[in-house]
Amino acid sequence: MHRTVPSLPLAPSVKVKLINAGFQVASDLTDMRPLQLCKEAGISQEEAVEVLQMLRDDGQPHQQRAATESLTALDLLHQEQALGSIVTFCSALDDTLGGGVSMGKTTEICGAPGVGKTQLCMQLAVDVQIPVCFGGLGGKALYIDTEGSFLVQRVADMAEAVVQHCTLLAEDTEQKQALEELTVEKILSNLFLVRCHDYVELLAEVYLLPDFLSKHPEVRLIVIDSIAFPFRHDFEDLSQRTRLLNGLAQQLIQLATQHSIAVVLTNQMTTRVSNGQSKLVPALGESWGHAATQRLILRWEGLRRLASLYKSPSQMEATVQYQITVQGFRDASDEHRPTPDTSAVSSQLGNHSKRPRTEDLS
Amino acid sequence: MDWEQLDLNPRIIGAVKKANFRTAKEILCVSGPDLQRLTRLSKTDVQRLHCAVAAAVRKSKLVTALQLIRGECPVLEAGHRLSFACPILDGLMRGGLPLRGITELAGESAAGKTQFCLQLCLSVQYPQENGGLNSGAVYICTEDSFPIKRLRQLIAQQPQLRPDLPPALIRSLRFSDNIYIEHAADLEALQACVSQRVPVLLKRGLVRLLVVDSVAALFRSEFQADEAIERSRHLLAFSNTLHRLSHEYGAPVVCVNQVTDVVDGPNPGRCDYGLVGSKVLPALGIAWANQVMVRLMLRRLAGQVQSASRSSAPRKLEVVFAPHLPRASCLCGVWEEGVRGIPDDHSDLQPQGSS
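Please read these numbers as outputs of a predicted model, since none were measured by experiment.

## What about the overall build of chain B?
Broken down by element type, chain B carries 14 helices and 14 strands. The dimensions of chain B, computed from C-alpha atoms along their principal axes, are 80 × 55 × 40 Å. For chain B, restricting intrachain contacts to residue pairs at least 6 apart in sequence, the fraction spanning at least 24 positions comes to 65%. For chain B, the accessible surface area stands at approximately 15,900 Å², while carbon and sulfur atoms represent 50% of it.

## With respect to the pattern of salt bridges
It is possible for side chains of opposite charge to pair when their charged atoms get near one another. Residue and element names in this part refer to chain B. Inspection of the entire model under this criterion finds 20 salt bridges over all chains. Of the charged contacts, one joins Glu104 and Arg295 as a salt bridge, the two residues approaching to 2.6 Å between their closest N and O atoms. Remark: Arg295 occurs in strand β9 (residues 294–300) and Glu104 occurs in strand β2 (residues 102–107); sequence separation between them is 191 residues. Each member of the pair, Glu104 together with Arg295, is buried. A salt bridge links Glu182 to Arg197; its shortest N-O distance comes to 2.8 Å.

## Some words on the packing of aromatic side chains
Each aromatic ring pair is described using two quantities: the centre-to-centre distance and the angle formed by the ring planes. Inspection of every chain in the model, using the stated rule, returns 9 aromatic pairs over all chains. Measuring from ring centre to ring centre gives 4.6 Å for A:Tyr143 and A:Phe150, while their planes differ by 50°; the resulting arrangement is tilted. With respect to class, A:Tyr143 is no different from A:Phe150; both count as buried. Positioned above the aromatic ring of B:Tyr273, the side-chain terminus of B:Arg295 is 4.8 Å from the ring centre.

## A look at the state of the cysteines
All names here are of chain A. Applying the stated criterion to the full structure yields 0 disulfides over all chains. Between Cys90, a free cysteine, and Cys121, which holds the nearest cysteine sulfur, the sulfur-to-sulfur gap is 15 Å. Residue classification places Cys90 among the buried positions, given a relative accessible area of 0%. The thiol of Cys166 is not disulfide-bonded; the next cysteine sulfur, from Cys133, is found 8.4 Å away.

## Comments concerning the sheet that holds strand β4 (residues 179–183) of chain B
Residue and element names in this part refer to chain B. Here 9 strands make up an open sheet; going across it, the order is β4-β3-β5-β6-β2-β9-β12-β13-β14 and the pairing mixed. Strands at the two margins of the open sheet, each flanked by one partner only, are β4 and β14 (338–342). Adjacent strand axes in the sheet meet at a mean angle of 25°, parallel and antiparallel pairs treated alike. With 5 bridges connecting them, β2 and β9 associate as parallel partners. Bridging across to β9, Ala106 finds its partner in Met297.

## As for the UniProt feature "domain: RecA family profile" (unreviewed entry) in chain A
Mapped onto this structure's residue numbering, the UniProt feature "domain: RecA family profile" (unreviewed entry) falls at residues 82–269 of chain A. Secondary structure within residues 82–269 of chain A divides into 49% helix and 19% strand; the distance between the first and last C-alpha atoms comes to 35 Å.

## Observations regarding the confidence of the model for chain B
Any residue range with low pLDDT should be treated as having predicted coordinates unsuitable for detailed reading. Residues and elements named next belong to chain B. Here chain B averages 88 in pLDDT, and 97% of its residues register 70 or above. Low pLDDT, under 50, characterises residues 350–355; the predicted model gives this stretch 11 contacts beyond four residues in sequence or across chains. The complex prediction reports pTM at 0.84, with the ipTM value standing at 0.90.

## Focus: the environment of A:Gln45
Residue and element names in this part refer to chain A. By secondary structure assignment, the location of Gln45 is in helix α4 (residues 45–68). Relative accessible area serves as the criterion here: at 44%, Gln45 is assigned to the partly exposed category. In contact with Gln45, not counting residues within four places along its chain, are Leu35 and Cys38.

## Focus on the nonpolar core
One finds A:Ile86, A:Tyr143, A:Phe150, A:Leu221, B:Ile140 and B:Phe219 to be the most contacted residues of the largest nonpolar core, which totals 106 residues. Among the elements that line this core, the one with the most residues is helix α8 (residues 152–169) of chain A, at 8 residues. Excluding anything up to four places from it in sequence, A:Leu221 contacts A:Ile86, A:Leu124, A:Ala125, A:Val128, A:Lys140, A:Ala141, A:Leu142, A:Ala262 and A:Val264. With 56 residues, the next largest nonpolar core counts A:Ala204, A:Ile261, A:Leu284 and B:Ile12 among its residues.

## A look at the packing of helix α11 (residues 187–203) of chain B against helix α13 (residues 228–249) of chain B
Any two packed helices are characterised by how steeply their axes cross, that is the angle between the axes, and by the distance between the axes. All names here are of chain B. Put simply, α11 and α13 touch, their axes get as near as 10 Å, and they point 5° apart. Classified by the interaxial angle, the pair formed by α11 and α13 is roughly parallel. Facing Leu190, Gln191, Val194, Ser195, Val198, Pro199, Leu202 and Lys203 of α11, the residues of α13 in contact are Ala237, Phe238, Thr241, Leu242, Leu245 and Tyr249. Among the residues forming the contact of α11 with α13, the class breakdown is 10 nonpolar, 3 polar and 1 charged.

## Topic: the interface of chain A and chain B
Taken residue by residue, the interface counts 60 residues in chain A and 50 residues in chain B. Both sides of the chain A and chain B interface together cover about 4,900 Å² of buried area, and 63% of this is carbon and sulfur. On the chain A side of the interface with chain B, the three residues burying the most area are A:Pro113, A:Leu151 and A:Tyr207, jointly 14% of the side's total. The interface formed by chain A and chain B contains 3 salt bridges. A salt bridge links B:Arg58 to A:Glu205; the nearest nitrogen and oxygen atoms lie 2.5 Å apart. Across the contact surface, chain A and chain B share 15 residue pairs in polar contact (both at pLDDT 80 or more). If one sorts the elements of the side of chain A that touches chain B by residue count, helix α11 (residues 199–215) of chain A sits on top with 9 residues. Looking at the side of chain A that touches chain B residue by residue, the class counts come to 31 nonpolar, 16 polar and 13 charged. Relative to strand β1 (residues 63–64) of chain B, strand β5 (residues 191–195) of chain A runs antiparallel, the two being bridged by 2 bridges.

## Things to note about unusual backbone geometry
The omega torsion across A:Asp225 and A:Ser226 is -10°, close enough to zero to call that bond cis. Relative to the elements of secondary structure, A:Ser226 occurs in the loop between β6 (219–225) and α12 (238–259). Of the consecutive residues B:Asp213 and B:Ser214, the connecting peptide bond is found in the cis state with omega at -5°. For B:Ser214, the position within the fold is in the loop between β5 (207–213) and α12 (215–222). Despite not being glycine, A:Ser260 shows a phi value in the positive range, around 55°.

## Some words on the side chain of B:Asp272
Along the polypeptide, B:Asp272 turns up in the loop between β7 (259–261) and β8 (280–282). For the buried B:Asp272, no salt bridge exists, and the shortest N-O distance to an oppositely charged side chain is 5.6 Å, to B:Arg270.

## As for a negative patch on the surface
There is a patch of like negative charges on the surface, built from A:Asp198, A:Asp234, A:Glu236 and A:Asp237. Counting through the fold element by element, A:Asp234 comes out in the loop between β6 and α12.

Reading guide: rules and limits
Residues numbered from 1 in each chain as written. Chains lettered and ligands numbered in written order. Predicted model: local features only at pLDDT ≥ 70, side-chain atom pairs only at ≥ 80, totals over all residues. Heavy atoms only, no water. Helix = DSSP H or I, 4+ residues; strand = E, 2+ residues; numbered from the N terminus. Contact = heavy atoms within 4.5 Å. Areas by Shrake-Rupley, 256 points an atom, 1.4 Å probe, with all protein chains shown as cover. Salt bridge = Lys/Arg side-chain N within 4 Å of Asp/Glu carboxyl O. Buried < 20%, exposed > 50% of the residue type's maximum accessible area, 1.4 Å probe, protein only. Phe/Tyr/Trp six-rings, centres within 6.5 Å; stacked < 30°, edge-to-face > 60°. Lys NZ or Arg CZ within 6 Å of the ring centre and 35° of its normal. Disulfide = S-S within 2.5 Å. Pairing = 2+ DSSP bridges. Axes fitted to C-alpha atoms, helices over the stretch in contact; angles between N-to-C directions. UniProt positions renumbered as here; feature names shortened; annotations may be inferred. pLDDT = per-residue confidence, 0-100. Core = buried A, V, L, I, M, F, W, Y, C linked by side-chain atoms within 4.5 Å. Parallel < 35°, antiparallel > 145°, perpendicular 65-115°, else oblique. Nonpolar A, V, L, I, M, F, W, Y, C, P; charged D, E, K, R; others polar. Buried area = accessible area lost by both parts, 1.4 Å probe. Polar contact = N/O pair within 3.5 Å; in protein donor to acceptor, adjacent residues only side chain to side chain. Lys, Arg positive; Asp, Glu negative; His and termini not counted. Patch = residues over 30% accessible without salt bridge, like charges linked within 9 Å, V, L, I, M, F, W, Y side chains within 5 Å. Charge placed at Lys NZ, Arg CZ, Asp CG, Glu CD.

Have a look at this one:
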């Protein structure tokens, strides 16, 4: 292989010694024996064995990987379409999101307290388990709770409603068969819960996720509710907080793309005062705004609850109305069609929206 | 942190010790490339190190929601709640107060918030099968002095409030012995009380309810209008302590909050939680609201309700938000024996003029 020595995953001191001894590419090393390498490069025998072991391990798959690494955009499109999405049971919101919460992406849900973030997360954790023959993903979910607001009573209600909904829809034999297995207990048993009490536990949990996902490949959704709570107090050094959050965001995006799962994060709102006017903006700072692939903002407008898609690489910005019923997250009874944001509406809503696309740049 | 107990190559452990890392937190807060630079380990070694340290920090096993609902994990989900000692109020709250998390009770003065808190302090002392937690309560007063005469009256009238319980049980409980009263005159005293004295009582199992009456008083008085960030910081530190205690000991925390007047119309910079047409909103802003799990509002209505030839001004207890409750409200009255929900729907009652 034509990998250069500096790009190999070795300790820096070992790399320096190898380069000084004249080894520039990985292929120079492959024919060496440990003792030879030891004498020529001046590294210890243990280090030499490790170097050769590592080269042997990723020699083969790397060649194969290089051959298949380039994909056409058409392949990517097919892959994305095959992935599917998780419905939210609010058809207006599903239309706005392009079918539901997409797989392989991180989605952030921001909103004031009580507007329905935890309800939406619980709904998604139940909806991901809808069997494939009903149009769902038939997967499991991992719920990371940092606030302690996961009350299993409520999830049981939502699971009951989903089972009833599927019972009404069941037509052919395949669906009826899947329905026999779909009980409230089954849904609850496929929902894993982890509670993190501070940000160190949350960081540790995210480091353990790759292992968890390889042990439980049926998990298709990870929810972190909320990511803001552990990071908003006792942080004297805000730059460290930004660094940790960025690191977390990177790890989560990597997990989402590698395992084709959906990662949903919840964020809080905070007040920002500018020019004597105060606005509600998502918490955790400006740089966190770039972390998630999609951003959904839930807010109150009088008695109505509105959900706005603020950031998405593939969907148009829009605002829809929803409501929370006994059964869970649902459409509002009167309004069903999403309204695209006009520039007047988005300018009212504060700095965190993008500049309206119709703005004249002259 | 004892590095030797981690399941790692001794070479990695040696490098960690040489780089002067002492706690797991330090390792987890440093990114992969930084750790490589500081310890001179390779990328795979650093990954193994992160995983091993993370596994040591996360000792608890994975649970499923099914295990929770079956009551197999009392640490995460106790399965029961703290009752209000009234079936109508318990019905509104689907059993009562959740054992973990901060419950806020907001309302104007004379709405009856202290009455609710006193009733909870008595209800917590009953055994678990009667809706209590078999333990005492800590009552932190920041505004007026503790209403000891009213408490004595409530204790004397307990058989009237709980006719479903055997009188022998009520007589056997020494209510006033199990209520610990603290007065906090300023923020420092409040923080000291909550971080030093209350944990001792919780650890010994002497109390399992914490009431702060009220949380708004000190935070609103000690900070000027332009010191909002400073106030936020203190508020977050305080609520973090409460949150931690509540989750560690499974003790409900009830915080009484004041209300602020709404003078302008709907303001995009202020969240009104869907309380349209309400002239008051809970105080302390969104910083505090983010820490609260269950928010209840108590409003005093005009008119009178009768019960067995006694009368009381009716109150409306409303659930503003809670993860497991719908938006609902119920009417209640404050009587000699305590707070009782009113079953009929008095739809002709209006809020009092000034509210």
